[in-house]
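Spelled out from the first residue to the last, the chains are:
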Amino acid sequence: MAATTPRKNKWHKGKRFSSLEEGREALIQEAADRQDRFRVLKEDHKRFFVGCVTGPQCPYRVHLYVRQDTTEATVNRYIPRHTCDQKTHSEGVPLESGPTEPTIDDAQVLHGTIGVMVKAEENHTEETSAPLLSVPASTPRRKSRKSPSQRQTLYDRGLQTRREVLGNQHVDRSLSSKTNSFSRPMQEIVTEFAWGNVWNREGLSRQQRSLLNIGLLTALNRSTELAVHVRGAINNGLSEIEIREAIVHSLVYCGAPAAMDATRTADRVLGEMQDNGEHERVLT
Ligand SMILES: [Zn+2]
């Protein structure tokens, strides 16, 4: 952990970390070094907002956001000064006492969350998979709901799987130039759920999932997605013959128009992959 939180880092607005997790740990470490106690005003897989335990009267704030389209985190707000005193901090309720009844502040009004007071020097020693420090305002968190850190983990795992299957170039393109605030939520959900969860399940190999996808996407007549998954099928080790036979097989169940369209799409993708040096055609 120490390796990811170099002490000499000077905190300031615009400071970057390679992930929200790293920024969060560095912030907790910094707060521990300064013997500050903060409370989490808002946290999910894209944000980590903290303020002073004293509440809105004290201006101390640090807001970390994950930058658009990446997992890189940026400090968007950094007000390091406390106007309160250490005595005020020492009256804060330590973490082991559980959630407190904080005064209503702007963050709660805006986001409907209750900040849980955190004794930073205790918290920073916990595993990175430690549960989150904010809870819904009125009802206890339902067990079935994933915590923001679980979601972040799923997203990170999903991004990795997605990169392994589809290649960095494709994923970078999907996550950057094509996305805006209209399409970004879908990208995030797909990365988290499809790639982070389903693709990482046991029971089927990646090759089997790829083969299944070729049949499914042919049946659905989704040529754009089929193109993506033909690339994934090659990266997952399926042969051109297996891809071709999956499509030929689908003719029986999906009809010739769907299978012919899939053949054209797959042939085009395999050709493009060869042109890019990503694959050597076998069936030409
Ligand atoms: Zn303060």
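Thresholds, definitions, all that
Residues numbered from 1 in each chain as written. Predicted model: local features only at pLDDT ≥ 70, side-chain atom pairs only at ≥ 80, totals over all residues. Helix = DSSP H or I, 4+ residues; strand = E, 2+ residues; numbered from the N terminus. Contact = placed C-beta atoms within 7 Å. Buried ≥ 20, exposed ≤ 12 C-beta atoms within 10 Å, placed from the backbone. Pairing = 2+ DSSP bridges. pLDDT = per-residue confidence, 0-100. Core = buried A, V, L, I, M, F, W, Y, C linked by C-beta atoms within 7 Å. Axes fitted to C-alpha atoms, helices over the stretch in contact; angles between N-to-C directions. Parallel < 35°, antiparallel > 145°, perpendicular 65-115°, else oblique. Left-handed = near helix turned anticlockwise from the far one by under 90°. Nonpolar A, V, L, I, M, F, W, Y, C, P; charged D, E, K, R; others polar.

- Per an unreviewed UniProt entry, the protein chain goes by Carboxymuconolactone decarboxylase-like domain-containing protein and derives from Aspergillus nanangensis.

### A look at the overall build of the protein chain
1) Next: Helices and strands together make up the secondary structure of the protein chain, namely eleven helices and eight strands.
2) Next: Of all intrachain contacts in the protein chain linking residues separated by at least 6 positions in sequence, the fraction that spans at least 24 positions is 61%.

### What about the pairing of strand 2 (residues 38-43)?
1) Next: Summarising burial for strand 2: five of the six residues are buried, a large majority.
2) Next: Pairing analysis gives five bridges linking strand 2 to strand 3 (residues 47-52), with the strands arranged antiparallel. When the bridges of strand 3 are listed, K42 appears paired with F49.

### Considerations on the confidence of the model for the protein chain
1) Next: Confidence in the prediction for the protein chain averages 77 pLDDT; 74% of positions are at 70 or higher.
2) Next: Across residues 92-143 the pLDDT falls below 50, and counting only partners more than four positions away or on other chains, this stretch makes 91 contacts in the model.

### Points about the nonpolar core
1) Next: Counting 20 residues, the largest nonpolar core has L27, V50 and L64 as its most contacted members.
2) Next: Elements that contribute at least two residues to this core include exactly helix 1 (20-33), strand 2, strand 3, strand 4 (61-66) and strand 5 (73-79).
3) Next: The element that contributes the greatest number of residues to this core is helix 1, accounting for five residues.
4) Next: If we skip the residues at most four places from it in the chain, V50 touches L27, F38, R39, V40, L41 and V62.
5) Next: The next biggest cluster of nonpolar side chains, apart from the first, holds 16 residues, and it includes I214, L217, V230 and A266.

### Brief notes about the packing of helix 8 (residues 206-219) against helix 9 (residues 223-235)
1) Next: Their axes nearest at 9 Å, the elements helix 8 and helix 9 cross at an angle of 160°. Compared by their axis directions, helix 8 and helix 9 come out roughly antiparallel. Seen from above, helix 8 lies across helix 9 with left-handed handedness. Residues S210, L211, N213, I214, L217 and T218 of helix 8 lie in contact with helix 9, whose contacting residues are E225, L226, H229, V230, G232 and A233.
2) Next: The class makeup of the residues in the contact of helix 8 with helix 9 is six nonpolar, five polar and one charged.

### Overview of the packing of helix 9 against helix 11 (residues 256-275)
1) Next: Where helix 9 contacts helix 11, the two axes come as close as 9 Å, and the packing angle between them is 50°. Here helix 9 is positioned oblique relative to helix 11, judged by the angle of their axes. Considering how the two elements wind past one another, helix 9 and helix 11 form a crossing that is right-handed. Taken together, the residues of helix 11 that come into contact with helix 9 (itself represented by S223, L226, A227, V230, R231 and I234) are D261, A262, T265, A266, V269, L270 and M273.
2) Next: Residues belonging to the contact of helix 9 with helix 11 are distributed by class as follows: nine nonpolar, two polar and two charged.

### Looking at unusual backbone geometry
1) Next: Of note, N221 is a non-glycine position whose phi angle comes to about 60°, a positive value.
2) Next: Tracing the backbone shows N221 in the loop between helix 8 and helix 9.

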